[in-house]
Amino acid sequence: MEILVCVKRVPAPGAKVPLSADSREIDTRHLGFTIGPHEECAVEEAVRLVAGHGGQVTVLAVGPPEAEEQLRYALAMGADRGVLVETGPAELDPEATAAAIAQAVHTVTDGAPPFDLVLFGDSSADAGHYQVGIRVAAELGLPIVGGIKGIEVGDGLRLRREVPDGAELYELPLPAAAAVREGLNLPRYPNLPGRLRARKASLRTIAFEPPVGGLRKLRLRQPADDRAETVLLGQGAAAAPAVVDVLEELGVV
Amino acid sequence: MLLTLIDGQEPAPNVLALAHSLDLPVEAVLHVTSDGADADDADDVAGHLTDELAKQGVATLHLIRHELLAGYAPEAFGEALAQLVAHLRPAAVLAAGTDRGTEIMAHAAARARLPLATNCVAVTGGDPWLLTRARGGGMLLEEAELTAPVKLATVAQGAAAPADAQAVDNCAVREFVPELLPELARTRVVERTAGRGGITLATAPVIVSGGRGVGSAEGYAVLEELAALLGGAVGCSRVATNNGWRPHSDQVGLTGTKVAPDLYIACGISGATQHWVGCTDSKAILAVNTDPEAPMVARATYAVIGDVHEVLPAVVAEIRARSS
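Residues numbered from 1 in each chain as written. Chains lettered and ligands numbered in written order. Predicted model: local features only at pLDDT ≥ 70, side-chain atom pairs only at ≥ 80, totals over all residues. Heavy atoms only, no water.

## Looking at unusual backbone geometry
Piece 1. The omega torsion of the bond from Leu174 of chain A to Pro175 of chain A falls at 0°, within 30 degrees of zero and hence cis.
Piece 2. Turning to its location among the elements, Pro175 of chain A is positioned in the loop between strand 9 (166–172) and strand 10 (176–180).
Piece 3. Cis geometry marks the peptide bond from Asp127 of chain B to Pro128 of chain B, where omega comes out at 0°.
Piece 4. Note on placement: Pro128 of chain B falls in the loop between strand 5 (116–124) and strand 6 (129–135).
Piece 5. For Asp23 of chain B, which is not glycine, the phi dihedral falls at a positive 60°.
Piece 6. Considering the arrangement of structural elements, one finds Asp23 of chain B in the loop between helix 1 (13–20) and strand 2 (26–32).
Piece 7. For Asp23 of chain B, a relative accessible area of 72% corresponds to the exposed category.
Piece 8. Residue Arg89 of chain B is not a glycine yet carries a positive backbone phi of 50°.
Piece 9. Topologically, Arg89 of chain B is positioned in the loop between helix 3 (74–88) and strand 4 (92–96). (Helix = DSSP H or I, 4+ residues; strand = E, 2+ residues; numbered from the N terminus. Buried < 20%, exposed > 50% of the residue type's maximum accessible area, 1.4 Å probe, protein only.)

Now the structure itself:
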């Protein structure tokens, strides 16, 4: 089975998210970059599905040339091919991102077998628009369900997702798409042979002039932090009476 | 006119509050099935809804009725909404930023070829709209411009306080029958299973949550014990899930569950933004950490500096001593 996994290069913030001087972007000079947690699970699932059913995993990223780092990480996890859709450093609006992915899918599958399954993360770890997967699926005419935490492939696709009062099961005909959530699996750490293979692998680069979407980011800001100063209750085991006083005060004990 | 999407049996107060703030007549839309007994249930729901909507200043409820709208079918719900939008040409459509609200709006946006702004916390009307949306679960706020013939947006959970809407005498029901291709029902819920019940992260009044500082899967025993004493649930950070100490269903944070208990006890959790956005709505936070400089300690309501495995057993003993 041919599987496409879409991943995004996102900053890996620690305890603070620093902003650039003009507040237009996150200041990434001192931050590492990563694949979002949901997407890492998508790569892992694709590699496992191909191990069981045969076929190939293609990973695709839309972004700056540096997104090569994230594609190579996915290759090191076991993906077979990498595709970079180069759109420059500016953040794209979700309509533009979806257009870039849909066009790249047409380019990559021209003269090659079509994808049986297209996987996305449920939302990107930074912008969190929650819609790129659905837009791509609509463009490609594929059925899609989001929030997926269980995938089984048989004649079709069985997808499970958690909802506030339990779980929902969907059965889709293939080809299909799914947007997955962390918890679907526990992604592997790439091993040494995987890393070596990924370092040498050649990536396919596709240029794309993004259209202007209707949602334009103006600036970013930190949410107001109006919490009062922390009340220190003490050190070690000796703090226990003060802790239980607070529990009583809050009415939780 | 501005449409608000109703998902379920009640209008979402934060969606109606934001809708009324935009100085446009507010109408509502609900998907219902025309199929058999479910259709009668739908009429009951609509009847109850119109009373509630009239109180909240909504004078029209559009019922999108079709046999393919039985149960839940995301593609069909989205396509049907897109058709209603093309028919009514509202200035905007607002929905709750829940999983389903967002999913239906994204399907509608994709099919209507319109932009969609998700998780908005504030909107200034006009053209374009100026809006503020939450990114990364509220890690950052983004100010953006939305330019579109019909503005589509979802409202972040808990974004606006309920408004005192001017009640109207009655809410009229208008039916809309979309043209849906049978293949749209290919994405449909085929089976539903109920949750385990009992105390969950979403409902627990107290959550005792552990991170790297707990040290091992076995280390959670004392957290379990404290949670049981307080009638609460055990949560964890992403580190704990990635180490295989706890199941992902226990994870609090951006990629886990967003919680809002009366008290969140963060044990050995440093407080990376990915975790913080999941627990920031807690009424009070108690941090237990060996590192006085940990971000969780700085942001918590109360803190104890010390090792989880010294502090928690002492707290458990103190509770037992006072209750005996």
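## Here's the deal with the packing of aromatic side chains
Piece 1. Summed over the entire model, instances satisfying the criterion amount to one aromatic pair over all chains.
Piece 2. A ring pair is formed by Tyr72 of chain B and Phe77 of chain B, whose centres lie 5.1 Å apart and whose planes are at 80°; its orientation type is edge-to-face. Both residues of the pair, Tyr72 of chain B and Phe77 of chain B, belong to the buried class.
Piece 3. If you follow Arg9 of chain A out to its NZ or CZ, it ends over the ring of Phe33 of chain A, 3.8 Å from the centre.
Piece 4. Positioned above the aromatic ring of Tyr72 of chain B is the side chain of Arg100 of chain B, whose terminal nitrogen or guanidinium carbon lies 3.9 Å from the ring centre. (Phe/Tyr/Trp six-rings, centres within 6.5 Å; stacked < 30°, edge-to-face > 60°. Lys NZ or Arg CZ within 6 Å of the ring centre and 35° of its normal.)

## Considering the sheet that holds strand 7 (residues 144–153) of chain A
Piece 1. Here we have ten strands laid out as an open sheet, ordered 11(A)-5(A)-4(A)-1(A)-6(A)-10(A)-7(A)-8(A)-9(A)-10(B), and mixed in their pairing. Each end of this open sheet is capped by a strand with a single partner; those strands are strand 11 (203–207) of chain A together with strand 10 (189–194) of chain B. Going from strand to strand, the sheet's axes swing by 30° on average, the running direction of each strand aside.
Piece 2. Sheet topology places strand 6 (residues 117–121) of chain A next to strand 10 of chain A; five bridges connect them, and they run parallel. (Pairing = 2+ DSSP bridges. Axes fitted to C-alpha atoms, helices over the stretch in contact; angles between N-to-C directions.)

## Considerations on the pairing of strand 5 of chain B
As a general feature of sheets, a regular strand has side chains that alternate between the two faces.
Residue and element names in this part refer to chain B.
Piece 1. Where strand 5 and strand 8 (residues 151–155) come together, three bridges link them in parallel fashion. Looking across to strand 8, one finds that Leu116 is bridged to Leu152.
Piece 2. In the sheet, strand 5 pairs with strand 6 via four bridges, with the strands oriented antiparallel. Note that in strand 6 the partner of Val123 across the bridge is Leu131.

## Structural notes on the domain arrangement of chain B
Residue and element names in this part refer to chain B.
Piece 1. What the domain assignment reports for chain B is domain 1 (2–186) and domain 2 (206–323).
Piece 2. Here domain 1 and domain 2 have C-alpha centroids that lie 37 Å from each other.
Piece 3. If you look at the interface, domain 1 gives four residues, while domain 2 gives five residues.
Piece 4. Summed over both sides, the interface of domain 1 with domain 2 buries roughly 320 Å², with 77% coming from carbon and sulfur. (Domains from an automatic or database assignment. Contact = heavy atoms within 4.5 Å. Buried area = accessible area lost by both parts, 1.4 Å probe.)

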